[in-house]
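Here is how the chains run, residue by residue.
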Amino acid sequence: MTAQHQPIGVFDSGVGGISTLAELAHLLPGENFVYYGDTAHAPYGTKPREEVLSHVRTVMETLLHRQVKAVVIACNTATAVAAADLRARYDLPIIGMEPALKPASEHRRQGRVLVLATPVTLTQEKFARLYDRYGEGAVLLPCPGLMDLVEQEDFAGAESYLQRLLEGYLSEPLDAVVLGCTHYVFLKPILRRMLPDTVEIFDGNLGVARQLRRVLAEKDLLLANAGQGSIELSTSGDEKTVLPQMERLLERARSLVLSEID
Ligand code: DGL
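Below is a short write-up of the structure. (Residues numbered from 1 in each chain as written. Predicted model: local features only at pLDDT ≥ 70, side-chain atom pairs only at ≥ 80, totals over all residues. Heavy atoms only, no water.)

Some details on the site of the ligand
Piece 1. Among the 13 residues in the neighbourhood of the ligand, the closest are listed as Ser13, Tyr44, Gly45, Thr77 and His183.
Piece 2. One of the backbone nitrogen or oxygen atoms of glycine 45 is found 2.7 Å away from an oxygen atom of the ligand.
Piece 3. Protein contact buries 99% of the 300 Å² of open area that the ligand shows by itself.
Piece 4. Tallied by class, residues from the shell around the ligand come to five nonpolar, seven polar and one charged. (Near = heavy atom within 4 Å. Polar contact = N/O pair within 3.5 Å; in protein donor to acceptor, adjacent residues only side chain to side chain. Areas by Shrake-Rupley, 256 points an atom, 1.4 Å probe, with all protein chains shown as cover. Nonpolar A, V, L, I, M, F, W, Y, C, P; charged D, E, K, R; others polar.)

Digging into the sheet that holds strand 1 (residues 8-12)
Piece 1. Across the sheet, five strands lie side by side as 4-3-1-2-9; this open sheet has parallel pairing. The outermost strands of the open sheet, each flanked by one partner alone, are strand 4 (94-95) and strand 9 (231-235).
Piece 2. Two strands pair when backbone bridges link them, and strand 3 (residues 70-73) and strand 4 are joined in this way by two bridges, in the parallel orientation. Among the inter-strand pairings, valine 72 is bridged to a residue of strand 4, identified as isoleucine 95.
Piece 3. Of the strands in this sheet, strand 1, strand 2 (33-37), strand 3 and strand 9 touch helix 1 (residues 17-27), which is tilted by about 170° from strand 2.
Piece 4. Contacts between helix 11 (residues 239-261) and the sheet are confined to strand 2 and strand 9, with strand 9 contributing the most and set at about 135° to the helix. (Pairing = 2+ DSSP bridges. Helix = DSSP H or I, 4+ residues; strand = E, 2+ residues; numbered from the N terminus. Contact = heavy atoms within 4.5 Å. Axes fitted to C-alpha atoms, helices over the stretch in contact; angles between N-to-C directions.)

Considering the environment of tyrosine 35
Piece 1. Positionally, tyrosine 35 belongs in strand 2.
Piece 2. Overall, tyrosine 35 belongs to the buried group, its relative accessible area being 0%.
Piece 3. For the pair tyrosine 35 and valine 10, spaced 25 residues apart in the sequence, the C-alpha separation amounts to 4.8 Å.
Piece 4. Among residues more than four places away in sequence, those in contact with tyrosine 35 are Val10, Asp12, Gly14, Val15, Gly16, Gly17, Ile18, Leu21, Glu232, Leu233, Ser234 and Met246.
Piece 5. A distance of 2.6 Å separates a polar atom in the side chain of tyrosine 35 from the backbone oxygen of glycine 14.
Piece 6. Separated by 3.4 Å, the side chain of tyrosine 35 and the backbone nitrogen of isoleucine 18 make a polar contact. (Buried < 20%, exposed > 50% of the residue type's maximum accessible area, 1.4 Å probe, protein only.)

Looking at unusual backbone geometry
Piece 1. Here the amide bond leading from alanine 42 into proline 43 is cis, since omega sits at -5°, within 30 degrees of zero.
Piece 2. Relative to the assigned elements, proline 43 resides in the loop between strand 2 and helix 2 (49-65).
Piece 3. The backbone phi angle of glutamine 67 is positive, close to 60°, even though this residue is not glycine.
Piece 4. The class for glutamine 67 is partly exposed, based on a relative accessible area of 48%.

Remarks on the environment of aspartate 132
Piece 1. Take aspartate 132: it is sitting in helix 6 (residues 125-134).
Piece 2. Distance in space between the C-alpha atoms of aspartate 132 and valine 215 is 27 Å, their sequence separation being 83 residues.

Details of the pattern of salt bridges
Piece 1. Following the criterion strictly, the structure yields 13 salt bridges and no others.
Piece 2. Salt-bridge contacts for arginine 89 lead to aspartate 85; the nearest nitrogen and oxygen are separated by 3.2 Å. Residue arginine 89 and its partner aspartate 85 are both found in helix 3 (residues 76-89); the two are separated by four residues, about one turn of the helix.
Piece 3. Residue arginine 89 is classed as partly exposed on the basis of its relative accessible area, which comes to 46%. (Salt bridge = Lys/Arg side-chain N within 4 Å of Asp/Glu carboxyl O.)

A short note on the packing of helix 2 against helix 3
Piece 1. Closest axis-to-axis distance for the helix 2/helix 3 pair is 9 Å, and the angle between their directions is 50°. Taken as axis vectors, helix 2 and helix 3 run oblique relative to one another. Helix 3 is crossed by helix 2, and the crossing has right-handed handedness. On helix 3, the residues that touch Arg49, Val52, Leu53, Val56, Arg57 and Met60 of helix 2 are Ala78, Ala80, Val81, Ala82, Asp85, Leu86 and Arg89.
Piece 2. Considering only residue class, the contact of helix 2 with helix 3 consists of nine nonpolar, no polar and four charged. (Parallel < 35°, antiparallel > 145°, perpendicular 65-115°, else oblique. Left-handed = near helix turned anticlockwise from the far one by under 90°.)

Points about the packing of aromatic side chains
Piece 1. Tallied over the full model, the rule gives one aromatic pair.
Piece 2. Both rings, one in phenylalanine 127 and one in tyrosine 131, keep their centres 6.3 Å apart while their planes meet at 40°; by these two values the pair is tilted. Remark: tyrosine 131 and phenylalanine 127 occur in helix 6; sequence separation between them is four residues, near one turn of the helix.
Piece 3. Residue phenylalanine 127 is classed as buried on the basis of its relative accessible area of 4%.
Piece 4. For tyrosine 131, a relative accessible area of 30% puts it in the partly exposed group.
Piece 5. The ring of phenylalanine 155 has arginine 252 lying over it, and the distance from NZ or CZ to the ring centre is 3.9 Å. (Phe/Tyr/Trp six-rings, centres within 6.5 Å; stacked < 30°, edge-to-face > 60°. Lys NZ or Arg CZ within 6 Å of the ring centre and 35° of its normal.)

In structure tokens, the structure reads:
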């Protein structure tokens, strides 16, 4: 197998990174992807940093056994905690993601920017640096428990959660909402209904997909002139329940990607 034909590893603590995966596969349809959801150890976003780091290292080893040519950390929490550590340890392209504060700050007028993310993401040094540069007008909203509702596909529960969370902000001028956790991307249609049309919703998925394409091209790792690529889903959780759920969410994520293009 030539290096170009090796798959791309994509991982998250659970199903959230499937929203990223759909964007990656849409931009790079000829590539082969191996997705790994660390369901047995989810959530990451409310665990001590050291524990997350240790889980992420194990996931990385699992993906390396699959001979991946690059890895996408489809998880803001894992990126904030472990991206630097992984890059120091492994010699392959590792693409991480961060809350889309920069594009949101460019969109900001007089109103606020709400940043929804896990408690761990919002307390890491990496995020503090991002906030120093692009955080003016940003209100940080840690959302413990919200990823769990997505894991359970409890979208009605997630809607009530978001209503309670945003209640106090909807009567004030608001310019943007940043989805700083890949699980929350599945909640975009709900948020779209709740927020005025003038409020822009940002996530990092398209940015990561473009970054992956750029890096693969630079390293001569892009699978050129390929036919249809493949997607393999895997989990550290109970395959019988998690894999069908991942399939359902991949379909959902694919239609979200398509609806954004229309
Ligand atoms: N999907 C995740 C993120 O982007 C992690 C959620 C969690 O495990 O708490 O932050």
